[in-house]
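Descriptive analysis of the structure
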Amino acid sequence: MTKTDLFIGFLIGFATTLLGSYIFITFFTEFNFVAGIQIMKSQGNLGKIITLGSILTLAAFGVLLKMNKEPMARGVVLAVIIMAILTMFI
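Residues numbered from 1 in each chain as written. Predicted model: local features only at pLDDT ≥ 70, side-chain atom pairs only at ≥ 80, totals over all residues. Heavy atoms only, no water.

1. Remarks on the overall build of the protein chain
Put simply, the test is: Every helix listed is a DSSP run of H or I at least four residues long, and every strand listed is a run of E at least two residues long, numbered separately from the N terminus. Should any heavy atoms of two residues lie within 4.5 Å, those residues are considered in contact. In this description, accessible areas are obtained by the Shrake-Rupley approach with a 1.4 Å probe, and a residue is regarded as covered only by the protein chains that are shown.
Looking only at helices and strands, one finds 5 helices and 0 strands in the protein chain. When the helices and strands of the protein chain are read in sequence order from the N terminus, they spell out α-α-α-α-α. Taken along its principal axes, the extent of the C-alpha atoms in the protein chain is 40 × 25 × 15 Å. The long-range share in the protein chain, meaning contacts at least 24 apart out of those at least 6 apart in sequence, stands at 70%. About 5900 Å² of surface is accessible on the protein chain, with carbon and sulfur atoms providing 73% of the total.

Structure representation (C-alpha cells):
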C-alpha cells in the first residue's frame, strides 16, 4: 500500500463529501452554498448536512473497490472517519 494512493483516496472522500453537501444545499434548500452553510451552522444542523453529503462517498468507495483500488478505498474510509470525528466537534 502506497501512501500516495491512500492520500488520493482521502482527497476523493473529502471531495465527494463536499460535492454531496453542495448538491443537497443547492437542490433541497432555497439558499446558495455559502449562505446555506452559514445558516445551517447557526441552526446547529451543519453536522447533519455533512453526514448527508457523505452518502456520495459510498458510491466512490464502491467504484474504487470495483476497480481493485483497495488503498484508495481505504483512503475514502479514512476520510469518512475523519469527517465523523469533525462532525462531533462542529
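Next, the rest of the story.
2. Considering unusual backbone geometry
Spelled out, the test is: Any residue under 20% of the maximum accessible area for its type is buried, any over 50% is exposed, and the rest in between are partly exposed; the area is computed with a 1.4 Å probe on protein chains only.
Residue Asn68 is not a glycine yet carries a positive backbone phi of 60°. Its relative accessible area of 58% is what places Asn68 among the exposed residues.

3. Quick notes on the UniProt feature "transmembrane region" (unreviewed entry) in the protein chain
So the rule is basically this: UniProt positions are given in the numbering used here, feature names are shortened, and annotations may be inferred rather than shown by experiment.
Look at the UniProt record and you will see "transmembrane region" (unreviewed entry) annotated at residues 6-25, 46-65 and 71-89. Within residues 6-25, the helical portion is 100% and the strand portion 0%, while the C-alpha atoms at the span's ends are 29 Å from each other.

4. Notes on helix 4 (residues 55-66)
Defined as follows: Between the first and last residue of a helix there are one fewer steps than residues, each counted as 1.5 Å, and that sum is the expected span. Relevant arc is that of directions from the helix axis to the C-beta atoms, nothing else.
A rise of 1.5 Å per residue sets the reference length of helix 4, with its 12 residues, at 16 Å; its end C-alpha atoms lie 18 Å apart and thus fit the reference within 8%. Looking at helix 4, one finds that the buried residues are Thr57, Ala60 and Leu64. Viewed along the axis of helix 4, the buried residues span an arc of 55°, placing them on a single side of the element. Exposed side of helix 4, more than 90 degrees from the buried face: Ile55, Leu58 and Lys66 are the residues found there. Where helix 4 is buried, its residues meet helix 1 (3-28), helix 3 (46-53) and helix 5 (70-89). Once helix 4 finishes, Asn68 follows within two positions and takes phi at roughly 60°, a positive value.

5. Details of the environment of Leu52
Looking at the element boundaries, Leu52 is found in helix 3. For Leu52, a relative accessible area of 39% corresponds to the partly exposed category. Separated by 47 residues in sequence, Leu52 and Asp5 have C-alpha atoms that sit 25 Å apart.

6. Let's talk about the packing of helix 1 against helix 2 (residues 33-43)
As a reminder, the rule being used: Note on definitions: angles span 0 to 180 degrees between N-to-C directions of axes, and those axes are lines fitted to C-alpha atoms, for helices only across the stretch in contact. These descriptions rest on fixed angle ranges, namely under 35 degrees for roughly parallel, over 145 for roughly antiparallel, 65 to 115 for roughly perpendicular, and the rest for oblique. Put simply, Ala, Val, Leu, Ile, Met, Phe, Trp, Tyr, Cys and Pro go in the nonpolar bin, Asp, Glu, Lys and Arg in the charged bin, and everything else, Gly too, in the polar bin.
The N-to-C vectors of helix 1 and helix 2 enclose an angle of 90°; their axes lie 9 Å apart at closest approach. It follows that helix 1 is roughly perpendicular to helix 2 by the angle criterion. Along the contact surface, helix 1 presents Ser21, Tyr22 and Ile25, while helix 2 presents Phe33, Gly36 and Ile37. When grouped by side-chain class, the residues that make up the contact of helix 1 with helix 2 number 4 nonpolar, 2 polar and no charged.

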